[in-house]
Amino acid sequence: MKQQTGTFTGIILALIAGVAIYGLAMGTTYPLIGIVLTEQVSGMWNGVNAAATGIGLVAGVVVVSLAGRRFGTGLLALAGVVIMALSLLALTVVQDYWAIFAARLFLGCGANFLFVVSETALNVFTSDDRRGRVMGIYSASVAFGFVAGPAVVAAFVERPGTILAGCAIVTALALWPVGAIRARVDRHVEPTRMEDIGPALIAYPFAFGFLFVASAIDAIAISLLPVIAVAQSFSTETGALFVAVFHIGLLVGQPPIGYALDHFGRRRTVLGCCLASLACAVVLVFGTGLGSVPSAVLLLVWGGANFGLYTAGLALIGDRFVGSALTAATAAFAAVYAVASVASPVLAGGAIDTIGAAGFYAAVAAVYLITFALGAARFRPPEPSLAEAPDSRRRV
């Protein structure tokens, strides 16, 4: 079946169209619900509520491993779309703090059904020699929601119910592309077991390490860049602009990074993303001494280079795993993403209070330096032109 992946372009496009909904739902609800709750609760409790989505993502990993074997992976992806749409509709009417928490938890859980199945299917239906490009387009489609969502919120901030209802309708539209390929997904994407997830993490720690760094920095950027900017004497408006610029870089950067993964190799591209991110973080230590425009340019480059580690991680697990082990690795990927997204803003917030914004950027630069050093010394993935034949790849 792997040899036929070049004929599966339609399936790949349907998967990308369906998962683009994930980015839109998350990119809209994170800032919108945060704004709504600002008038009701403290910043700490607002952060706790935001963590509900991440908790739902982690819970989704458990449910995927249980329900996938019973109902099939294609049906599981459709169920994820339905749960997301219903959760968004619930958010249009509920006002109680814990009801909002519950709706966001279900939103994260449903999103992870779609997330795990679609990312696994993309790797199954994509040949090794074009996996980087497909994952680059996929990452860009998810990133589009994180760019468009805050823009929609800014334009219609006084009408949160309308925004959430619109998101629910758009999410429901994903039933069409996902439903059209359900049978093929059921046939070719094998379900996994909970006990397979740990071995997948251990088998390829570099892929998950790159993912953790990318996810942690992205979560910090979307939640704390305005705070960091103010700490460096930029205005609040400039800080909000920095968030948008960072994610525009994320959006436009993934297709060329995907191309680089296929044409220049996995190792060179990953190390290049680490070096570019390291350079940006080091220069950003100087803050207002740079000025807002040079800082924005650096954030644009950083956003793309940092998330390139996520795109690379997806390609790497597709190179490494097959069958149910691939589904287990993708579930592990989702769990690592969720943990990084929940924990990193809390840790970063404490770091900013303790060592300041400049110290924070210096600490981030140190993380990239360590990642680059380890990668340069130990990371030797099979490259597209040198990869083993699909049937000879080890199974975990």
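Residues numbered from 1 in each chain as written. Predicted model: local features only at pLDDT ≥ 70, side-chain atom pairs only at ≥ 80, totals over all residues. Heavy atoms only, no water.

1. Describing the overall build of the chain
Moving on, step 1. Assigned secondary structure in the chain consists of 14 helices and zero strands.
Moving on, step 2. Referenced to the eigenvectors of the C-alpha coordinate spread, the extents of the chain come out at roughly 55 × 50 × 35 Å.
Moving on, step 3. Looking at the 396 residues of the chain, the share that counts as buried comes to 54%.
Moving on, step 4. For the chain, contacts bridging at least 24 residues in sequence account for 87% of all contacts bridging at least 6.
Moving on, step 5. Just so you have it, the chain exposes about 15800 Å², and 70% of that area is on carbon and sulfur atoms.
Moving on, step 6. Averaging the locations of the 21 positively and 18 negatively charged side chains of the chain gives two centres separated by 9 Å. (Helix = DSSP H or I, 4+ residues; strand = E, 2+ residues; numbered from the N terminus. Buried < 20%, exposed > 50% of the residue type's maximum accessible area, 1.4 Å probe, protein only. Contact = heavy atoms within 4.5 Å. Areas by Shrake-Rupley, 256 points an atom, 1.4 Å probe, with all protein chains shown as cover. Lys, Arg positive; Asp, Glu negative; His and termini not counted. Charge placed at Lys NZ, Arg CZ, Asp CG, Glu CD.)

2. A look at the pattern of salt bridges
Moving on, step 1. According to the stated counting rule, one finds eight salt bridges in the structure shown.
Moving on, step 2. We note a salt bridge from Arg-131 to Asp-319, for which the minimum N-O separation is 2.8 Å. With Arg-131 in helix H5 (residues 131–155) and Asp-319 in helix H13 (residues 292–320), the pair connects residues that are 188 residues apart, well separated along the chain. Of the two residues, Arg-131 and Asp-319, both sit in the buried class.
Moving on, step 3. Members of the salt-bridge network, linked through shared partners, are Asp-128, Arg-131, Arg-133, Asp-262, Arg-266 and Asp-319. (Salt bridge = Lys/Arg side-chain N within 4 Å of Asp/Glu carboxyl O.)

3. Side note on the side chain of Gln-232
Moving on, step 1. Note that Gln-232 resides in the loop between helix H10 (205–231) and helix H11 (236–263).
Moving on, step 2. For Gln-232, a relative accessible area of 10% translates into the label buried.
Moving on, step 3. A distance of 3.2 Å separates a polar atom in the side chain of Gln-232 from the backbone oxygen of Leu-284. (Polar contact = N/O pair within 3.5 Å; in protein donor to acceptor, adjacent residues only side chain to side chain.)

4. A short note on a nonpolar patch on the surface
Moving on, step 1. Taken together, Ile-248, Val-252, Val-293, Val-297, Leu-300 and Val-301 make up a surface patch of nonpolar side chains, about 490 Å² in accessible area.
Moving on, step 2. Broken down by secondary-structure element, the contributors of at least two residues to the nonpolar patch are H11 and H13.
Moving on, step 3. Per-element accounting of the nonpolar patch gives the leading share, four residues, to H13. (Patch = residues over 30% accessible without salt bridge, like charges linked within 9 Å, V, L, I, M, F, W, Y side chains within 5 Å.)

5. Considerations on H11
Moving on, step 1. With 28 residues, H11 should cover 40 Å at 1.5 Å per step; its first-to-last C-alpha distance of 41 Å lies within 8% of that length.
Moving on, step 2. Along its length, H11 shows its largest kink, about 40°, at Gly-253, and proline Pro-255 lies within four residues downstream of that point.
Moving on, step 3. Just downstream of H11, Gly-265 is the residue with a positive phi angle, here 105°. (Expected span 1.5 Å × (residues − 1). Bend = angle between axes of the 7 residues up to and from the residue.)

6. Quick look at the packing of H10 against H13
Moving on, step 1. At a minimum axis distance of 8 Å, the contact between H10 and H13 shows a crossing angle of 145°. Considering the relative orientation of H10 and H13, their crossing is left-handed. Residues Ala-207, Phe-208, Phe-210, Leu-211, Val-213, Ala-214, Ser-215, Ile-217, Asp-218 and Leu-225 of H10 pack against Leu-299, Trp-302, Asn-306, Phe-307, Leu-309, Tyr-310, Gly-313, Leu-316 and Ile-317 of H13. (Axes fitted to C-alpha atoms, helices over the stretch in contact; angles between N-to-C directions. Left-handed = near helix turned anticlockwise from the far one by under 90°.)

7. Topic: the nonpolar core
Moving on, step 1. The biggest cluster of nonpolar side chains holds 120 residues, and the ones touching the most others in it are Tyr-22, Tyr-138, Trp-302, Leu-309 and Tyr-310.
Moving on, step 2. Of the residues forming this core, the biggest block, 19 residues, is contributed by helix H14 (residues 323–378).
Moving on, step 3. When neighbours within four sequence positions are excluded, Trp-302 is seen to be in contact with Ile-217, Phe-246, Ser-277, Cys-280, Leu-284, Tyr-361, Val-364 and Tyr-368. (Core = buried A, V, L, I, M, F, W, Y, C linked by side-chain atoms within 4.5 Å.)

8. Some points on the state of the cysteines
Moving on, step 1. A complete count under the given rule lists zero disulfides for this structure.
Moving on, step 2. Considering cysteine sulfurs only, Cys-167 is the nearest to Cys-109, which forms no disulfide, with 19 Å between them.
Moving on, step 3. Take Cys-109: its relative accessible area is 11%, and that puts it in the buried class.
Moving on, step 4. Free cysteine: Cys-273, not disulfide-bonded; nearest cysteine sulfur from Cys-274 at 7.1 Å.
Moving on, step 5. Exposure remark for Cys-273: the relative accessible area of 6% places this residue in the buried category. (Disulfide = S-S within 2.5 Å.)

9. Considering the packing of helix H12 (residues 266–284) against H13
Moving on, step 1. At a closest axis distance of 8 Å, the pairing of H12 and H13 adopts a crossing angle of 150°. The pairing of H12 with H13 is recorded here as roughly antiparallel in orientation. Remark: the crossing between H12 and H13 carries left-handed chirality.
Moving on, step 2. Per-class residue counts for the contact of H12 with H13 are 16 nonpolar, four polar and two charged. (Parallel < 35°, antiparallel > 145°, perpendicular 65-115°, else oblique. Nonpolar A, V, L, I, M, F, W, Y, C, P; charged D, E, K, R; others polar.)

10. Examining the confidence of the model for the chain
Detailed reading of the predicted coordinates is not advisable wherever pLDDT is low.
Moving on, step 1. Considering every residue of the chain, the mean pLDDT works out to 85; 94% of them sit at 70 or more.
Moving on, step 2. For the chain, the element scoring lowest by mean pLDDT is helix H1 (residues 9–38), at 79; H12 scores highest, at 95.
Moving on, step 3. A low-confidence stretch, residues 386–396 (pLDDT under 50), is modelled with 24 contacts involving residues beyond four sequence positions or located in other chains. (pLDDT = per-residue confidence, 0-100.)

11. Observations concerning the side chain of Thr-371
Moving on, step 1. Within the fold, Thr-371 resides in helix H14.
Moving on, step 2. In terms of polar contacts, Thr-371 uses its side chain to reach the backbone carbonyl oxygen of Val-367, at 2.8 Å.
Moving on, step 3. Other than its neighbours up to four places away in sequence, Thr-371 contacts Phe-210, Val-213 and Cys-274.

12. Quick look at the packing of aromatic side chains
Moving on, step 1. If you walk through the whole model with that rule in mind, you get 15 aromatic pairs.
Moving on, step 2. With a centroid separation of 5.2 Å and 80° between ring planes, the pair formed by Phe-210 and Phe-379 is classed as edge-to-face. With a gap of 169 residues between them, Phe-210 in helix H10 and Phe-379 in the segment after H14 connect regions that are remote in the sequence. In this structure, Phe-210 and Phe-379 share a single accessibility class: buried.
Moving on, step 3. Between the aromatic rings of Trp-302 and Tyr-368, the centroid separation amounts to 6.4 Å while the plane-to-plane angle is 75°, which identifies the pairing as edge-to-face. Highlighted residues: Trp-302 in helix H13 and Tyr-368 in helix H14, separated in sequence by 66 residues.
Moving on, step 4. Given a relative accessible area of 3%, Trp-302 falls into the buried group.
Moving on, step 5. Take Tyr-368: its relative accessible area is 0%, and that puts it in the buried class.
Moving on, step 6. The structure contains a cluster of three or more aromatic residues connected by ring pairs, namely Phe-115, Phe-208, Phe-307, Tyr-310, Phe-333 and Tyr-337. (Phe/Tyr/Trp six-rings, centres within 6.5 Å; stacked < 30°, edge-to-face > 60°.)

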